[in-house]
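Summary of the model geometry
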Amino acid sequence: EGTLINIPTIFLDIEAWELLQGRVHLETLEIHCEDIRILRSEAGAVNWLSLKNLQSKSKTRLKSAAYGPPPRFRIDQLILSLGTTSYVDLYSPEPFQKSLNLHLHRAVFRNIDGFQGLVKVIVWETVKRVGVRQMTAAFTNMQEESPATGILKKAFQGFKLKF
């Protein structure tokens, strides 16, 4: 429950001709993310896991079969601004909250392939600015290993290979 990401402003420059042909082609997508919230619930679940891109492929395939394939789209230019991120841990014996300013204003990314690519850019830029050490430290105090720990480890390994 609650807000995962607060996006007060989105600007789209859509290629109308391609839209009429059944393809979504965004020449420019500008997103201002005011606040990204990472929450670890009392049960130990992390809200990031609700994103389809971070769920197991089998769960995503089942949902896709029921509703059809997700629409594919292309973004020529993404202009991204990130305000703050806040981490709330309700699972630890002493719940706490931490907020950080991400200091990203109108960064330009080119040739983004679909929703998955968009989520990857936002997650990577958030993690990069928060710091890998702080993100992993947030999950090391857990009494038992969370699925989020494994996902973060895999994500960081993947990012290392790409960058």
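Scroll up for the structure.
Each chain has its residues counted from 1, following the order in which its sequence is written. In keeping with the model being predicted, local features are shown solely for residues with a pLDDT of at least 70 and side-chain atom pairs are shown and tallied solely at 80 or more, while totals for entire chains, interfaces and linings include all residues. Hydrogens and water are ignored here; the side-chain numbers use all heavy atoms of the structure.

**Digging into unusual backbone geometry**
Residue histidine 103 is not a glycine yet carries a positive backbone phi of 55°. Summarising the element assignment, histidine 103 is placed in strand E5 (residues 96–113). Any residue under 20% of the maximum accessible area for its type is buried, any over 50% is exposed, and the rest in between are partly exposed; the area is computed with a 1.4 Å probe on protein chains only. Histidine 103 gets classed as exposed once you look at its relative accessible area, which sits at 64%. Of note in the backbone geometry, arginine 106 takes a positive phi value of approximately 55° without being a glycine. Put simply, DSSP H or I for four residues or longer makes a helix, DSSP E for two residues or longer makes a strand, and each gets a number counted from the N terminus. Residue position: arginine 106 is located in strand E5. Relative accessible area serves as the criterion here: at 42%, arginine 106 is assigned to the partly exposed category.

**Remarks on the pattern of salt bridges**
When their charged atoms lie close together, side chains carrying opposite charge are able to pair. In the sections that follow, a salt bridge refers to a side-chain nitrogen of Lys or Arg positioned within 4 Å of a carboxyl oxygen of Asp or Glu. Tallied over the entire structure, the rule returns seven salt bridges. Across the pair arginine 74 and glutamate 18 runs a salt bridge, and its minimum N-O distance is 3.7 Å. Highlighted residues: arginine 74 in strand E4 (residues 73–89) and glutamate 18 in helix H1 (residues 16–20), separated in sequence by 56 residues. One salt bridge connects aspartate 89 with arginine 40, and the closest N-O pair in it is separated by 2.8 Å. With a gap of 49 residues between them, aspartate 89 in strand E4 and arginine 40 in strand E3 (residues 24–40) connect regions that are remote in the sequence. You can call aspartate 89 buried: its relative accessible area is 1%. Residue classification places arginine 40 among the buried positions, given a relative accessible area of 1%. Within this structure, Glu18, Arg23 and Arg74 form a network of salt bridges that share partners.

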